[in-house]
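Topology and contacts: notes
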Amino acid sequence: MSSAIVKDSGERSLVPPFNDEHEQLRESIGRWVREEIAPHVEEWESLREFPRELYLRAGELGFLGLKYPVELGGQGGDCVHDAVWAEELAAAGASGGVGAGLGAHTGIATPPIFNFGTPSQHERFLRPAIRGERIAALGITEPGAGSDVASIRTSAQKVDGGYVVNGSKTFITNGVRADFLVCAVKTSDAGGHGGISFLILEREMPGYEVTRKLEKMGWHSSDTAELAFTDVEVPGENLLGELDRGFYLIMANFAWERLLMSLGAVGGMRRLLESAIAYALEREAFGRPIGRFQAIRHKVAEMATRMEAARSLTYSALRRYAAGEDAIREVAMAKLATQRACLEVADECLQIHGGYGYMREYGIERAVRDARLGPIGGGTDEVMREILGKQLGL
Ligand SMILES: Cc1cc2nc3c(=O)[nH]c(=O)nc-3n(C[C@H](O)[C@H](O)[C@H](O)COP(=O)(O)OP(=O)(O)OC[C@H]3O[C@@H](n4cnc5c(N)ncnc54)[C@H](O)[C@@H]3O)c2cc1C
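Think of each chain on its own: its residues are numbered from 1, step by step along the sequence as written. Per-residue local features are limited, in this predicted model, to residues with pLDDT of at least 70; the limit for side-chain atom pairs, both in listing and counting, is 80 or more; totals at the level of whole chains, interfaces and linings are taken over all residues. Hydrogens and waters are ignored; side-chain quantities use all the structure's heavy atoms.

1. Here's the deal with the site of the ligand
What counts, and what does not: In this text, near means that some heavy atom of the residue lies within 4 Å of the molecule or strand in question. Pairing of N or O atoms within 3.5 Å defines a polar contact, subject to two protein rules: one partner must be a possible hydrogen donor and the other a possible acceptor, and residues neighboring in sequence count only if both atoms are side-chain atoms. The secondary structure listing takes helices from DSSP runs of H or I that are at least 4 residues long and strands from runs of E that are at least 2 residues long, numbered from the N terminus. Throughout this entry, Asp, Glu, Lys and Arg are counted as charged residues, while Ala, Val, Leu, Ile, Met, Phe, Trp, Tyr, Cys and Pro are counted as nonpolar. The remaining residues, Gly among them, count as polar.
Neighbouring the ligand are 17 residues; Thr-141, Ser-147, Phe-171, Thr-380 and Glu-382 lie closest to it. Taking Phe-171, its main chain carries an N or O atom lying 2.7 Å from a nitrogen atom of the ligand. Contact distances for the ligand include 2.8 Å between a nitrogen atom and a side-chain N or O atom of Thr-173. Contributions of two or more residues to the shell around the ligand are made by strand E1 (136-139), strand E3 (162-173) and helix H13 (381-391). When grouped by side-chain class, the residues that make up the shell around the ligand number seven nonpolar, seven polar and three charged.

Written out as structure tokens, the structure reads:
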């Protein structure tokens, strides 16, 4: 067998479930991010928030309703369109913070309203959210309950006409400026799997309070809040889905959130790899571009392989999910494979950039900090391994 390296044109056909229409969407999201978001990312990181108007602009361009029906103001697409949105926000350089703020709205807070909401809830919450006029957040995590979601303590007492909510939530993305919160509450004394429900809490309800805007390691331009509820009166019409069936809503939502995080990591790795290659070709040391040193070339080769493996696993999970098949195992594998890979690829990219990588202006130190959330949020790596262990019969 010849050891000669065969030339590869670099051309690749589209991988299902993506088609030409998705590629056009990729281009328009990428253009928008490069022109209207990326130039402002550093300023928004310093300000610790991106402008609220960005939701309106994204709504105007149709990006907040890609997977929702036209009758509700959406674009009539499906989850594959939303997958393109998640991947390209990251690939085009929207930053972890902007990706998280827009992504929490489109990816985790509005889907339960579409999937489990009444026609009236669609009108009151989903339609204005698709236009970017009302901002949504999802509230599950509490100071005493993260991975163990069934142990939440925020309670909703049944009263005439509705519920009275008491408790608190923490780490809530968009929590500071959200107009409404899709909130998990305990609706039976026992709580647990059979005693959790969802209520839509609105920020103007008396007793609803943003108690703290949290300072974080990364995602600086997204807001992350601690919330407290003191005797918040919530009308019965704000019950989302069936009473005491909220745990199933959480599980359904988690699958999509984990896929979106996997897609975001794939997009992030694509961007980091491009940046590493460009720098390795341009930066010279000892009379040659650093990419001519085997040590650097091999790092890039490893990064490209990890990115491709992560992408293949993620697209495979997405194909199953989009076809309506069971995909718990594949989604957990995709989340587990992509998040630490993205963090490690970001760190290698920083190493290739040397001292410049450590400086803020290249955006690579930010990519490392932003990527650190991946193995924690949306279900930790340890929880993914537990899910997989059970799926594998152990
Ligand atoms: C920036 C940010 C944004 C977030 N946004 C939101 C949001 O919008 N809405 C929301 O509801 N939540 C949000 N979260 C919360 C996030 O989902 C939780 O942080 C995550 O689920 C982990 O929960 P925890 O932090 O309480 O950690 P814990 O559950 O306390 O875990 C601590 C450690 O113990 C390990 N561990 C726990 N259980 C097991 C087990 N069974 N086996 C082995 N190891 C275990 C964990 O893996 C982890 O290493 C956000 C978090 C962050 C940091």
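Moving on from the model shown.
2. Some remarks on the nonpolar core
The criterion, for reference: Residues belong to one nonpolar core when they are buried, are Ala, Val, Leu, Ile, Met, Phe, Trp, Tyr or Cys, and are joined through side-chain atoms within 4.5 Å. A simple rule labels every residue: compare its accessible area, found with a 1.4 Å probe on the protein chains alone, to the largest value its type can have, and call it buried under 20%, exposed over 50%, or partly exposed in between.
Counting residues in hydrophobic clusters, the biggest one holds 37 residues, and the most contacted among them are Trp-32, Ile-37, Trp-85 and Leu-102. Residue assignment for this core shows that the elements contributing at least two residues are helix H1 (20-37), helix H2 (41-47), helix H3 (53-60), helix H4 (79-91), helix H5 (95-109), helix H8 (246-282), helix H9 (294-322) and helix H10 (328-352). The greatest single-element share of this core, amounting to seven residues, is contributed by H4. With 28 residues, the next largest nonpolar core counts Phe-125, Ile-140, Ala-150 and Ile-200 among its residues.

3. Quick look at the side chain of Glu-87
Here is the rule: It only takes one pair of heavy atoms within 4.5 Å for two residues to be counted as in contact.
Tracing the backbone through its elements, the reader meets Glu-87 in helix H4. Residue Glu-87 is classed as buried on the basis of its relative accessible area of 0%. Only 2.6 Å separates the side chain of Glu-87 from the side chain of Arg-270, close enough to count as a polar contact. Setting aside residues no more than four positions away along its own chain, Glu-87 makes contact with Arg-26, Leu-263, Val-266, Gly-267, Arg-270 and Tyr-315.

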